[in-house]
Amino acid sequence: MGSEATLKLPVIDFTNLKLEANNPNWEAIKSQVHKALVDYGCFEAIFEKVPLELRKAIFAALQELFDLPLQTKILNVSKKPYHGYVGQYPMVPLFESMGIDDANVYENVESMTNIMWPHGNPSFSKTIQSFSEQLSELDQIIRKMILESLGVEKYLEEHMNSTNYLLRVMKYKGPQTSDTKVGLTTHSDKNIVTILYQNEVEGLEVMTKDGKWISYRPSPDSFVVMIGDSLHAWSNGRLHSPFHRVMMSGNEARYSAGLFSIPKGGNIIKAPEELVDEEHPLLFKPFDHVEFLKYYYTEKGQRDQFALRTYCGV
């Protein structure tokens, strides 16, 4: 156990970094991002662009949302699987979650807010939208760095236009025991990039390539950035999509908010030809993300840890 306890995610500082050209720190940070995503598929990002007041406000907003009665929360519905209210599952009794599509657009947040609070709740809408907008900038910086590192930046505009954002807000109840209980079972994300922010209650664990678990110690200053299966496939396996889980103990609730960049329906995920060669043969046939999710959310797909490989592996 001793060696596992010392494992930590790489930490990358994005302070004062912007999307403009000729930024003196760009190349150095880009190489750190590339290395972290190849080795771990995941890193801890220091991103001070999100003001401290907003970081505090997001947890107050989440608490206010999850304190609503169940009959209100289940009104958060979506045609897309797992984009609406998720909860009351016997397998993960501590977990509940809600989704807001395109949460970086105020009108979209407001329409969800007005369902939860028929008399409106402008401060909730503003907090959610501002938070999502700030994190979407970090998502764009990281994805630009990824494409440059892979030498395929000519696809940047097409790549950015092929996704939209989902803000998924989550609550994990404390199990009221010192024994560790499963908050969320082991899985890999299915999207492009996930950026996660959480309160200071531990629980997130990320698996290394050799099967060891890294326990993430949350800090109010940092976000967790993680690669999903869709970007793993698009990069032809060059970037790692890590397994992770949430393990809970104690009395305190863990609140987290994740910004997911998600391929739009009808968009075909296909590795650029520049990333396929003798050393890197094609790993996945081209696929539609939404069609893949239909398989993933079947009973068979849910039992399959390597669902993407089963669905469209070469």
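Model, not experiment: these values are computed from the prediction.

Side note on the nonpolar core
Alright, step 1. One finds Phe14, Val33, Phe43, Leu65, Ile128, Phe131 and Ile146 to be the most contacted residues of the largest nonpolar core, which totals 71 residues.
Alright, step 2. Ranked by the residues each element gives to this core, the list is headed by helix 6 (residues 122-149), at 10 residues.
Alright, step 3. The contact partners of phenylalanine 43, leaving out residues within four places of it in the chain, are Leu9, Pro10, Ile12, Phe14, Val33, Ala36, Leu37, Ile142, Phe223, Val224 and Val225.

Remarks on the sheet that holds strand 8 (residues 213-215)
Alright, step 1. Reading across from one edge, 5-10-7-8 is the order of the four strands in this open sheet, with antiparallel pairing throughout. A single partner strand is all that each edge strand has here, and the edge strands are strand 5 (177-187) and strand 8. Going from strand to strand, the sheet's axes swing by 25° on average, the running direction of each strand aside.
Alright, step 2. Relative to strand 10 (residues 244-250), strand 5 is paired through five bridges, and the arrangement is antiparallel. Paired with threonine 177 across the strands is glycine 250, a residue of strand 10.

Some words on the UniProt feature "domain: Fe2OG dioxygenase" (unreviewed entry) in the protein chain
Alright, step 1. If you check UniProt for "domain: Fe2OG dioxygenase" (unreviewed entry), the listed places come out as residues 162-263 in our numbering.
Alright, step 2. When the span residues 162-263 is considered, its composition is 6% helix and 56% strand, and the gap between its end C-alpha atoms is 6 Å.

Some details on the environment of tyrosine 311
Alright, step 1. The topology assignment puts tyrosine 311 in helix 11 (residues 307-312).
Alright, step 2. Counting along the chain gives 134 residues from tyrosine 311 to threonine 177, while the straight-line C-alpha distance between them is 39 Å.
Alright, step 3. With sequence-adjacent residues up to four places away left out, tyrosine 311 is seen in contact with Phe287, Glu291, Phe292 and Tyr295.

Section: helix 2 (residues 26-39)
Alright, step 1. Helix length check: helix 2 (14 residues) gives 20 Å between terminal C-alpha atoms against 20 Å at 1.5 Å per residue, within 8%.
Alright, step 2. Within helix 2, the full set of buried residues consists of Trp26, Ile29, Lys30, Val33, Ala36 and Leu37. Taken around the axis of helix 2, the buried residues stretch over an arc of 130°, which confines them to a single face. Those residues of helix 2 that are exposed and angled more than 90 degrees off the buried face are Glu27 and Lys35.
Alright, step 3. Those residues of helix 2 that are buried lie in contact with strand 1 (11-13), strand 2 (42-46), helix 6 and strand 9 (222-227).
Alright, step 4. Backbone geometry just downstream of helix 2 places glycine 41 in the positive-phi region, at approximately 70°.

Points about the packing of aromatic side chains
Alright, step 1. A complete count under the given rule lists 13 aromatic pairs for this structure.
Alright, step 2. The ring of tyrosine 296 carries lysine 190 above its face, with NZ or CZ at 4.5 Å from the centroid.
Alright, step 3. The cationic tip of arginine 309 hangs over the ring face of phenylalanine 306; the distance from NZ or CZ to the ring centre is 4.5 Å.

Considering the sheet that holds strand 3 (residues 95-101)
Alright, step 1. In spatial order, the strands read 1-2-9-6-11-4-3; together these seven strands make up an open sheet with mixed pairing. Looking at which strands have only one partner, the edges of the open sheet turn out to be strand 1 and strand 3. Neighbour-to-neighbour, the strand axes of the sheet open up by a mean angle of 25°, direction not taken into account.
Alright, step 2. Inspection of the sheet shows strand 1 paired to strand 2 by three bridges, in the parallel sense. Within the sheet, the bridge partner assigned to aspartate 13 lies in strand 2 and is isoleucine 46.

Regarding the side chain of glutamine 129
Alright, step 1. The residue glutamine 129 is located in helix 6 in this model.
Alright, step 2. Excluding residues that lie within four positions of it along the chain, glutamine 129 makes contacts with Ala103, Asn104, Val105, Tyr106 and Val109.

Basis of the calculations
- Residues numbered from 1 in each chain as written.
- Predicted model: local features only at pLDDT ≥ 70, side-chain atom pairs only at ≥ 80, totals over all residues.
- Heavy atoms only, no water.
- Core = buried A, V, L, I, M, F, W, Y, C linked by side-chain atoms within 4.5 Å.
- Buried < 20%, exposed > 50% of the residue type's maximum accessible area, 1.4 Å probe, protein only.
- Helix = DSSP H or I, 4+ residues; strand = E, 2+ residues; numbered from the N terminus.
- Contact = heavy atoms within 4.5 Å.
- Pairing = 2+ DSSP bridges.
- Axes fitted to C-alpha atoms, helices over the stretch in contact; angles between N-to-C directions.
- UniProt positions renumbered as here; feature names shortened; annotations may be inferred.
- Expected span 1.5 Å × (residues − 1).
- Arc of directions from axis to C-beta.
- Phe/Tyr/Trp six-rings, centres within 6.5 Å; stacked < 30°, edge-to-face > 60°.
- Lys NZ or Arg CZ within 6 Å of the ring centre and 35° of its normal.

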